[in-house]
Amino acid sequence: MTPRLNVNIDHVATVRQARRAPEPSVAAAAALCEQAGADGITIHLRGDRRHIQDEDIYTLRRVVATYLNLEMAATDEMMRVALDARPDAVTLVAERAEEITTEGGLDVAGNFETVRRAVESLREGGLFVSLFIDPEPRQVESARDAGARQIELCTSAYADATLGARAVHDGGRERAAAELSRLRESAALAAQYGLVVAAGHGLTYRNVAAVAAIPEVAEFNIGHNIIARALLTGLPDAVREMRERIREARG
């Protein structure tokens, strides 16, 4: 079965917020992604509101016809928004105010009680909960113990090893192979525990195939590279091309 593709449209909002203008519309972007075959839409509501705004969540909840995945930190403020807006899924992520983008997975093992309480509250509110974690057995096990229904494996270390000159210098190929091994092992372990397995962060048209070939991966959340391609080719074509790369890898 071909993994689902959720398109992260945060950077459509980034362009809009650069001018504090009405356009580009995240609702229109979501509709174009769905029309092009996206299986869902992902957004990240950050504490500093650098791109997605609170009102975007409610707008998208009304217009998204497929699947709305809300990424957020496990804070009281975000919990209130999620329980009120009621997306189809909530993905808890690590977040630092100073970071350019999410720098790694949520340390579930090191913050177990905080994460467990957040998962419990969201599940009691009827929401599907995923945890964005590094591909480490300890984190997979902690995600299971915390009550998550899904994990999203952070692919940033793998993706970084495949970018540009890094792919051929500084042991890039060896690092990419090692990271792929970690992703495969963590995906297999999660599946054994009955967790749905997703993957994302830093994936591109050039490097997604190897991750898409992992049989346990059921979902991708990909944003920046699709939006970057869309600036040159248009959003529908960019979404269709990524879906095709994933489909071809799974055979």
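Keep in mind the model is a prediction, meaning the values are calculated, not measured.

The next thing to look at is the side chain of Glu 71. By the secondary structure assignment, Glu 71 is in strand β3 (residues 68–72). Among buried Asp, Glu, Lys and Arg side chains, Glu 71 stands out as unpaired, with Arg 46 the closest opposite charge at 7.7 Å. With residues up to four places along the chain from it excluded, the contact list for Glu 71 reads Asn 8, Thr 42, Ile 43, His 44, Leu 45, Thr 91, Val 93 and Glu 152.

A separate point is the packing of aromatic side chains. Scanning the entire structure with this criterion turns up 0 aromatic pairs. Directly above the ring of Tyr 193 sits Arg 144, whose terminal nitrogen or CZ lies 4.0 Å from the centroid. A cation over a ring is seen here: Arg 229 above Tyr 205, with NZ or CZ 4.0 Å from the ring centre.

Glancing now at the sheet that holds strand β6 (residues 150–154). If you trace the 8 strands once around the closed barrel, you get β1-β2-β3-β4-β5-β6-β7-β8, paired in parallel fashion. Adjacent strand axes in the sheet meet at a mean angle of 25°, parallel and antiparallel pairs treated alike. In this structure, strand β5 (residues 128–133) lies alongside β6, joined through 4 bridges in parallel fashion. Within β6, the residue paired with Phe 132 across the bridge is Glu 152.

A few words now on the side chain of Glu 219. Structurally, Glu 219 is set in strand β8 (residues 217–222). Separated by 3.2 Å, the side chains of Glu 219 and Asn 221 make a polar contact. When sequence neighbours within four positions are dropped, the list of residues in contact with Glu 219 reads Pro 3, Arg 4, Asn 6, Tyr 67, Gln 150, Val 197, Ala 198 and Ala 199.

Turning to the environment of Ile 57, a few remarks are in order. Relative to the helices and strands, Ile 57 is located in helix α3 (residues 54–63). When the C-alpha positions of Ile 57 and Ile 43 are compared, they lie 8.1 Å apart, and in sequence the two are 14 residues distant.

Counting residues in each nonpolar core, the largest one holds 72 residues, and the members touching the most others are Ile 9, Leu 92, Leu 131, Phe 220 and Ile 226. The residues touching Ile 9, leaving out its near neighbours within four places in the chain, are Val 26, Ala 30, Cys 33, Ile 41, Thr 42, Ile 43 and Leu 60.

What follows is about the pairing of β3. Counting buried positions along β3 gives 5 out of 5 residues, so the element sits mostly inside the fold. Neither face of β3 is open: one carries Leu 68, Leu 70 and Met 72, the other Asn 69 and Glu 71, and all of them are buried. Two strands pair when backbone bridges link them, and strand β2 (residues 40–44) and β3 are joined in this way by 4 bridges, in the parallel orientation. Looking at β3, one finds that Ile 43 is bridged to Leu 70. Crossover handedness for the path β2 to α3 to β3: right-handed. As defined by bridge partners, β3 adjoins strand β4 (residues 89–92) across 4 bridges and the pair is classed as parallel. Its bridge partner lying in β4, Met 72 is registered against Leu 92.

Conventions and cut-offs
- Residues numbered from 1 in each chain as written.
- Predicted model: local features only at pLDDT ≥ 70, side-chain atom pairs only at ≥ 80, totals over all residues.
- Heavy atoms only, no water.
- Helix = DSSP H or I, 4+ residues; strand = E, 2+ residues; numbered from the N terminus.
- Buried < 20%, exposed > 50% of the residue type's maximum accessible area, 1.4 Å probe, protein only.
- Lys, Arg positive; Asp, Glu negative; His and termini not counted.
- Salt bridge = Lys/Arg side-chain N within 4 Å of Asp/Glu carboxyl O.
- Contact = heavy atoms within 4.5 Å.
- Phe/Tyr/Trp six-rings, centres within 6.5 Å; stacked < 30°, edge-to-face > 60°.
- Lys NZ or Arg CZ within 6 Å of the ring centre and 35° of its normal.
- Pairing = 2+ DSSP bridges.
- Axes fitted to C-alpha atoms, helices over the stretch in contact; angles between N-to-C directions.
- Polar contact = N/O pair within 3.5 Å; in protein donor to acceptor, adjacent residues only side chain to side chain.
- Core = buried A, V, L, I, M, F, W, Y, C linked by side-chain atoms within 4.5 Å.
- Right-handed = clockwise from strand over helix to strand, strands pointing away.

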